[in-house]
Amino acid sequence: MTDKPQTNLYAALRDAFPAALDGWAIETDAGLIYTWRDLDRGSAMIANELAARGLEPGARLVAQVDKSVEALMLYLAALRAGLVYVPLNTAYPPAEMAYLIDNAQPAAVVCTPQHFGWVSKLAFRAGAQVVYTLGTDRQGTLLERAAHRSDIQSPVPVGMQALASIIYTSGTTGRSKGAMLTHGNLLANAQILRQYWDWRADDVLIHVLPIFHVHGLFVAVHGALLNGSPMLWAARFDPRTVLQWLPRATVFMGVPTLYTRLLGEPELTPERCARMRLFICGSAPLLIDTFRAWQQRTGHTILERYGMSETIMLTSNPCGPDVRYGGQDERRGGTVGFPLPGVELRIADAADRPLPAGEVGGVQVRGPSVFQGYWRMPDKTAEDFTADGWFRTGDVGFIDTRGYVTLVGRSKDVLISGGYNVYPAEVEGAINELPGVAESAVIGVPHPEWGEVGLALVIPQPGATVQPDRVLAALRGRLASYKIPKRCVVVDELPRNAMGKVQKNVLRERWRDAAAAS
Ligand code: MLC
C-alpha cells in the first residue's frame, strides 16, 4: 500500500488490493467465492450505472438491503461515484423509514424487492430520482441495469473533505440524527486501526456483523480491505458457521452478545482457535465474566475497543506493546484501553473543564475521525461540541494513572441491547401514543445474553385498563423490533425527583432483576 495523497476512499482501498486480483477476497456462508477483481469490476459497474442516472457527487444514496457481497459492492460503488452512502437497518419499519428518507433527501434509494412498493412511494415523495431493488440472491433492478455498464471506472476525486456516508443514530429527543462522515474521517480511522491492530499479510477476517453500522461496515470491512485481507462472510451471525471458520481465520470482530452465544457452543476450544490472532469486541460493554470465560475456553484475551457512529473508533486495548504507555501490552477487562494514536481524549466536568486521572466525568474527544456534525441539524451539532471543538460523547468515564480508559455510564438516557443503541425517549413516545396510556418510562435492565434489555413501565389513564402484552404487540410495526422492550409492567406511579422528573436510576435499581425474573 502506498501513502500517496488520496482524493477518494475507494482509491485508497483499491491500492491495497493484492497484485493477484484473481485471488479470493470473500468466501460466503453460501459457498460463493468472490475475487478481488470481482469486487473491483462489480463496484465499477454499479458506479457507472449510478452516474449514468445523473446522480451527482454529494447526492445521497439510501440503502436498506439485506447483507450480501453485492450490497458491499453497492457501498464501494457509492464511494467511487462520490455519492453519500446512507445505510439503514433492515429492521426499520415504514414509520421510521418515512422520517429517515424525508430527512436524508436521497437522490437514489436501494431497497429489497419485497419492500419496493412502500419504499418507492416514500422515496419518490421525498424527491428521489431513482429507486432500485437488490435481493440476497443477486436479483433486483440494480444489478440488472448495472450489468449493461462498463466495468472500468475512475473513482471521482471528491477530496478527503467530501462526505462519504451519513450514519443515522437515534437520539434522546426520539428523532434520529445523521452523523456526517467524510472520506478523510473513514480513511484516517482505518489507517490507524491497521497499524494499531497490527494487520498482517496472512490475516483472514470472519465477518458476521450487519453492514449498516459503523462496526460491520467501517471497522471490519475497511480493516480487511485496507490490508488486502480476505473475508469469510456470513449473511447473518450463526455460531456454528463461526466455529467452522475459526481454524481458517485470524481475526474476528463481534459485539458481546456474539461472544456469549459462542461460549454456549461446546466445540469452542483452544485447538479450534489455534490459528486465530485477534478477537475484537465493541459496540456494547463486555462483561468481565465473558472476558474471563473467553480466556479460559480459548486461551485468547479479547481486545475491547470503544467508538460510536459519530467518531468511528476512539480507544482500544493494546494489540502489542504500546510505546506511548511505557510499552504496556495488557488487555484489561472492564476497560476500553488507550486513546488510539491521533485521538485526543479527555474527561471533563459539566463546565467542560478537564479533570485529573481517576476522576469520573464526561468523555470528550477530538481527532481525525470525529464527524462533521449532524445532517441538517446545526443546532444539535452545536450543542454536542464544546467551544474549542471537543465532541461530547455522552459517555461517562475516567482515565486511570496507567492511561486506561474505563466507561462507567452515560449522561444520555440510552440502553444498549445486543450492540444496538436504543433511546428510551423514542420508545416512550411510541407507548404514550397508545390508547389508555397516561405515561411510561423505559429503562435498560441487565440481561445475560443481550447485555441490557428494555423494560417498559406504564401508567394507565384513569379508568383505563392497559394490557402489557397488547402494549408490546402494538409497538410492532411502529418501532424496529430490537427497540421493543422485552417486558412491560403496568404500575400506579413512577418515582420522581423534586422537579417532577422520573428518577430512572431509582427504577433501574428497583427493577434490576426483572430480566432474570421474566
Ligand atoms: C435482534 N433482536 C434483538 C436484537 N437483535 N433484541 C434486542 N437487541 C438486539 N440487538 C430480536 C429481534 O427483534 C427478534 O425479536 C429476535 O431478537 C430475533 O431476531 P433476529 O434478527 O433473528 O436476531 P439475531 O439474528 O439473533 O440477532 C442478534 C444479533 C444482532 C446479536 C446477531 O442483534 C446483531 O447483529 N447485533 C449487532 C449489532 C451491531 O452490529 N452493532 C454495531 C453498531 S455500531 P422478535 O420478537 O421479533 O422475535 C456501534 C459503534 C461501535 O455501536 O462502537 O461499534
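Above this note sits the structure.
Residues numbered from 1 in each chain as written. Predicted model: local features only at pLDDT ≥ 70, side-chain atom pairs only at ≥ 80, totals over all residues. Heavy atoms only, no water.

**A closer look at the packing of helix 3 (residues 69-81) against helix 8 (residues 214-225)**
Where helix 3 contacts helix 8, the axes come no closer than 13 Å and their chain directions differ by 85°. As far as their axial angle goes, helix 8 and helix 3 are roughly perpendicular. Between helix 3 and helix 8, the contacting residues are Leu72, Tyr75 and Leu76 on the first element and Leu217, Phe218, Val221, His222 and Leu225 on the second. (Axes fitted to C-alpha atoms, helices over the stretch in contact; angles between N-to-C directions. Helix = DSSP H or I, 4+ residues; strand = E, 2+ residues; numbered from the N terminus. Parallel < 35°, antiparallel > 145°, perpendicular 65-115°, else oblique. Contact = heavy atoms within 4.5 Å.)

**Some points on unusual backbone geometry**
We note that glutamine 105 has phi near 45°; this positive angle belongs to a residue other than glycine. Position of glutamine 105 among the secondary structure elements: in the loop between helix 4 (94-104) and strand 5 (108-111). A positive phi angle, near 60°, is found at arginine 376, a position not held by glycine. Take arginine 376: it is sitting in the loop between strand 17 (361-366) and helix 12 (378-384).

**Observations concerning the site of the ligand**
The ligand sits among 24 residues. The nearest are Arg261, Ser283, Ser417, Arg476 and Ser481. Between the ligand and the protein, one listed contact pairs an oxygen atom with a side-chain N or O atom of arginine 476 at 2.6 Å. Surface burial for the ligand is 75%, taken as the share of its 1000 Å² of free accessible area covered by protein chains. Contributing elements (two or more residues each) for the shell around the ligand: helix 8, helix 10 (256-263) and strand 13 (303-308). (Near = heavy atom within 4 Å. Polar contact = N/O pair within 3.5 Å; in protein donor to acceptor, adjacent residues only side chain to side chain. Areas by Shrake-Rupley, 256 points an atom, 1.4 Å probe, with all protein chains shown as cover.)

**Here's the deal with the sheet that holds strand 15 (residues 338-339)**
An order of 2-1-10-9-11-12-13-14-15 is seen for the 9 strands of this open sheet, with the pairing classed as mixed. Bordering the open sheet on either side are strand 2 (33-35) and strand 15, each of which pairs with just one other strand. Two strands pair when backbone bridges link them, and strand 1 (residues 24-28) and strand 10 (residues 231-233) are joined in this way by 3 bridges, in the parallel orientation. Looking at strand 10, one finds that threonine 28 is bridged to tryptophan 233. Against the sheet, helix 7 (residues 183-196) contacts strand 14 (312-316) and strand 15, and its axis sits at roughly 30° relative to strand 14. Lying on the sheet, helix 10 is in contact with strand 11 (251-254) and strand 12 (278-281); it crosses strand 11 at an angle near 115°. (Pairing = 2+ DSSP bridges.)

**Re empty space enclosed by the protein**
Throughout the structure, instances matching the rule amount to 4 cavities of 30 Å³ or more. Size it by volume and the largest cavity reaches roughly 70 Å³. Around the largest cavity, the lining residues are Leu415, Ser417, Val422, Val427, Val442, Val453, Gly454, Tyr482, Lys483, Ile484, Pro485 and Lys486. Those elements that provide at least two residues to the lining of the largest cavity are strand 20 (415-417) and strand 23 (451-460). (1 Å grid on protein atoms, 1.4 Å probe; cavity = no way out; pocket = protein on both sides within 12 Å on 5 of 7 lines; lining within 4 Å. Points joined across faces, edges and corners; volume = space filled by probe spheres on them.)

**A word on the nonpolar core**
Grouped together as the largest cluster of nonpolar side chains are 164 residues, with contacts concentrated most on Tyr75, Trp197, Phe252 and Met253. A per-element tally of this core places helix 3 first, with 11 residues. Not counting residues within four places of it along the chain, the set of residues in contact with tyrosine 75 comprises Leu9, Tyr85, Leu186, Leu217, Phe218 and His222. Val445, Leu455, Val489 and Val491 belong to the second largest nonpolar core, which has 15 residues in total. (Core = buried A, V, L, I, M, F, W, Y, C linked by side-chain atoms within 4.5 Å. Buried < 20%, exposed > 50% of the residue type's maximum accessible area, 1.4 Å probe, protein only.)

**As for the pairing of strand 19 (residues 405-410)**
Across 5 bridges, the pairing between strand 18 (residues 391-399) and strand 19 is antiparallel. Bridge assignment links phenylalanine 398 to a residue of strand 19, and that residue is threonine 406. Connecting the antiparallel pair strand 18 and strand 19 is a turn made up of 5 residues, with glycine 403 showing a positive phi of about 100°.

**As for the packing of aromatic side chains**
This structure, assessed with the given rule, holds 16 aromatic pairs. Between phenylalanine 371 and phenylalanine 391 the ring centres are 5.0 Å apart and the planes differ by 75°, which places this aromatic pair in the edge-to-face class. Highlighted residues: phenylalanine 371 in the loop between strand 17 and helix 12 and phenylalanine 391 in strand 18, separated in sequence by 20 residues. No difference in accessibility class separates phenylalanine 371 from phenylalanine 391, as the two residues are buried. Sitting above the plane of the tryptophan 233 ring, lysine 67 keeps its charged end 4.6 Å from the centroid. If you follow arginine 332 out to its NZ or CZ, it ends over the ring of tyrosine 404, 5.0 Å from the centre. (Phe/Tyr/Trp six-rings, centres within 6.5 Å; stacked < 30°, edge-to-face > 60°. Lys NZ or Arg CZ within 6 Å of the ring centre and 35° of its normal.)

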